[in-house]
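Observations on the three-dimensional arrangement
Each chain, letter by letter, is given below.
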Protein chains: 2
Amino acid sequence: MSFISIPENSGFPLENLPYGIFSTADKCQPRIGVAIGEHILDLNAVAHLFNGPELKNSQHVLKESTLNSFMGLGPKAWTEARKTLQDLLSTGNKTLEDDIDLRKNALVLQAEATMHLPAKIGDYTDFYSSIIHASNVEEMFRDKDNALMPNWKYLPTRRNDAEPPIFDKCKLLDFELETAFFVGKSNPLGTPVSVEEVDQHIFGMVLMNDWSGRVPKFEKDWSLLPNRQYHFGIMSIRPIQFGKSIFLPNRPAPNFNYMYWTMKQQLVHHTITGCNLQPGDLLGSGTISGPTTDAFGSMLELSWRGTRPVELGDGITRKFILDEDEVIIRGHCERDGLHRIGFGKCTGKVLPAITL
Amino acid sequence: MSFISIPENSGFPLENLPYGIFSTADKCQPRIGVAIGEHILDLNAVAHLFNGPELKNSQHVLKESTLNSFMGLGPKAWTEARKTLQDLLSTGNKTLEDDIDLRKNALVLQAEATMHLPAKIGDYTDFYSSIIHASNVEEMFRDKDNALMPNWKYLPTRRNDAEPPIFDKCKLLDFELETAFFVGKSNPLGTPVSVEEVDQHIFGMVLMNDWSGRVPKFEKDWSLLPNRQYHFGIMSIRPIQFGKSIFLPNRPAPNFNYMYWTMKQQLVHHTITGCNLQPGDLLGSGTISGPTTDAFGSMLELSWRGTRPVELGDGITRKFILDEDEVIIRGHCERDGLHRIGFGKCTGKVLPAITL
């Protein structure tokens, strides 16, 4: 029971206490609050009361304008905070109930508050977890009688058609030769970048190896949970080339010259529905392949899906990348009469997979 | 010409001057450097010499351990920095050339430096811009004679089969009823989260409307540049529910009960190849649909791709969402004998598209 009046069927009883970020007309600074009945408890006003072992030296996280720092403390701190909140708001606890000034300062009506985004959201992933929704969509766009794709019920899998799916380490590791560019100046949310001003947002270019674990067709087709093909956690990149892009090379190696879509088109396309970009965002070209079979930008293509082993000399061949292999990508721009503009080298060595 | 010796065919002449982040054995703090020949110019040591109008009050950005702040200043500052660097390193400019102590402090051999990630990378997008690569991959996985999908050469498009593609505002705006959860405690890069410890990383849940612009099959199938279906820049979410998930509701509305994949499976799946999560990362469920036609979680399903108009009362019908429509999503958990745990309401109103 709480000493605060809670309407019957309120979604916010003492057992709930959800966190949010709010502001009020008289205090425009967004701050952390906890819903209780029709009120919000302002944690800024009561942070000094969180004196358990997990939070007594971290009360500042309760005074921030997003929940990120509090989120990062982990479950012991969350549990302690919840216990403190339930105690503070319970009938019989006089700390808040009997302190008229503190109550006036700490309790705000939800109707008088404006809610804000509760956290600075870093990465965002959307799954596809509803079997009913997935069946509906596949039925609409594909085939009524075979609505749910056969791979939908499997987490990352390897198999050939003759065997049931298994969960295992990647057996088809690949590199992807790419360039990427860093976003410099940001654009406001909702404001597309025009072709005329796109230069102002491209800071510079890097070479990139977009390590890829190739997955069987079974997992790749209509992958439903986000597929793991590209989740190596990090790309290899080196170093930044700043300035106008001078891409007029004359060599038949994988060559940026053959790209169909330019960096400028990519950035404009990326913002056309209002997506905002920030300094440090990285936009990759996708694998760059040249027109001849020795100028392909991935083992997938060089070995034509493993059907044509690639000769590396000394009798060594590869279809895909193996443990302990090192991949080195070099790149430069050149044109008659101009200095060679180099990108240095982008290197990465494959260590054996951790044991699952 | 530079007073620094630059080997012939070096990729790093005075005309290049690429930025990077480096450290050395005797100074382990990563800092901004510029490659010149076989050397790196340490910007930390020469930041005080950037005295043009754009940078004289922002020299601190040159002393940071990533390039993000400098990137964010925009092209006038970049151009001024480049000019200052070229001047400083040019034959005839004595500021650096004749100051033995400064040169010793500011110039480092690349061979003695360790390179680091040049920026804190926020968002990352990979395109698919090489027509040769795309043709190769499609040929391998689909059909040799029709390797390149017909939509590959078009930026975001709308069309029906009888008409050529056009670029236009979204005509099929939809909501998607979802829940999402915020990541609390992070996991180290390369360390998957196990099923046993997954609870420690889930901070809490929110209701989410994942606004979606439906695209024609022409754009959706094998969308090659990232498709714009989900790029509305922001989701509507409200508010945070912290604690153990109690999801045993008894109503035939879109119901989390029917989800095939759980939040715990999603988070474990997301980290299984070593992807690291940070406090504030948001993981959405995907559209939640119930088993009856009135419990579908999107207009796409409720109107069955626009073929069955949905009655809203007073003679009003909708196939998809129109300008000025407001979508309100409410949610709660309940079980006999327990208090109702509410999520509040998640609201959003559609304003007309900006003129393109």
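In the nomenclature of an unreviewed UniProt entry, chain A is known as Fumarylacetoacetase of Daphnia pulex. As stated in UniProt under Pathway (unreviewed entry), the record for chain A gives "Amino-acid degradation; L-phenylalanine degradation; acetoacetate and fumarate from L-phenylalanine: step 6/6." Here chain A is described in UniProt, under the heading Catalytic activity (unreviewed entry), as follows: "4-fumarylacetoacetate + H2O = acetoacetate + fumarate + H(+)".

What chain A contains, in helices and strands, is 9 helices and 16 strands. Across the 356 residues in chain A, those meeting the buried criterion constitute 52%. Relative to all contacts within chain A whose residues are 6 or more apart in sequence, the contacts with residues 24 or more apart total 63%. Entry remark: accessible area of chain A is about 16,900 Å², with carbon and sulfur atoms responsible for 52%.

With 117 residues of chain B at the interface, the matching set in chain A holds 117 residues. Carbon and sulfur atoms supply 67% of the area that chain B and chain A bury against each other, a total of about 10,400 Å² over both sides. Between chain B and chain A we count 0 salt bridges in total. For the pair chain B and chain A, the number of links is 20 residue pairs in polar contact (both at pLDDT 80 or more). The greatest single-element share of the side of chain B that touches chain A, amounting to 8 residues, is contributed by helix α6 (residues 131-141) of chain B. Across the side of chain B that touches chain A, the residue classes tally to 59 nonpolar, 37 polar and 21 charged. With 3 bridges joining them, strand β12 (residues 282-284) of chain A and strand β6 (residues 124-126) of chain B adopt parallel strand pairing. Across the sheet, the residue bridging to Leu282 of chain A is Tyr124 of chain B, located in β6 of chain B.

Our focus in this paragraph is the UniProt feature "binding site: Mg(2+)" (unreviewed entry) in chain A. Residues and elements named next belong to chain A. Under the local residue numbering, the UniProt record ascribes the feature "binding site: Mg(2+)" (unreviewed entry) to Asp210. Inspection of the secondary structure assignment puts Asp210 in the loop between β9 (202-209) and β10 (212-213). What makes Asp210 buried here is its relative accessible area of 3%.

So, about the packing of aromatic side chains. As enumerated under the stated definition, the model contains 12 aromatic pairs over all chains in all. Ring centres of Phe203 of chain A and Trp78 of chain B lie 5.1 Å apart, and the angle between their planes is 90°; this geometry places the pair in the edge-to-face category. Of this pair, Phe203 of chain A sits in strand β9 while Trp78 of chain B sits in helix α3 (residues 75-89), on two different chains. According to the relative accessible area criterion, Phe203 of chain A is buried, its value standing at 1%. With a relative accessible area of 2%, Trp78 of chain B lands in the buried category. Chaining the aromatic ring pairs together yields one cluster made of Tyr19, Phe70 and Trp78 of chain A together with Phe203 of chain B.

Expressed as a screw operation, the relation of chain B to chain A combines 0.0 Å of axial shift with a rotation of 180°, fitting to an RMSD of 0.0 Å. Accordingly, the operation relating the two chain copies is best matched by a two-fold axis. Both copies contact each other with a shared surface, as 100% of the interface residues of chain B are interface residues in chain A too.

Our next topic: the sheet that holds strand β5 (residues 113-116) of chain A. All names here are of chain A. Taken in spatial order, the 5 strands make up an open sheet running β4-β3-β2-β1-β5, and their pairing is antiparallel. Each edge of the open sheet carries a strand with a single partner, namely β4 (107-109) and β5. Strand after strand, the sheet turns through a mean of 50° between neighbouring axes, direction not considered. Taken strand by strand, helix α3 (residues 75-89) contacts β1 (19-24), β2 (31-36) and β3 (39-42), and its axis lies near 55° from that of β1.

How each quantity is defined
Residues numbered from 1 in each chain as written. Chains lettered and ligands numbered in written order. Predicted model: local features only at pLDDT ≥ 70, side-chain atom pairs only at ≥ 80, totals over all residues. Heavy atoms only, no water. UniProt positions renumbered as here; feature names shortened; annotations may be inferred. Helix = DSSP H or I, 4+ residues; strand = E, 2+ residues; numbered from the N terminus. Buried < 20%, exposed > 50% of the residue type's maximum accessible area, 1.4 Å probe, protein only. Contact = heavy atoms within 4.5 Å. Areas by Shrake-Rupley, 256 points an atom, 1.4 Å probe, with all protein chains shown as cover. Buried area = accessible area lost by both parts, 1.4 Å probe. Salt bridge = Lys/Arg side-chain N within 4 Å of Asp/Glu carboxyl O. Polar contact = N/O pair within 3.5 Å; in protein donor to acceptor, adjacent residues only side chain to side chain. Nonpolar A, V, L, I, M, F, W, Y, C, P; charged D, E, K, R; others polar. Pairing = 2+ DSSP bridges. Phe/Tyr/Trp six-rings, centres within 6.5 Å; stacked < 30°, edge-to-face > 60°. Least-squares fit on C-alpha atoms with pLDDT ≥ 70 in both. Axes fitted to C-alpha atoms, helices over the stretch in contact; angles between N-to-C directions.

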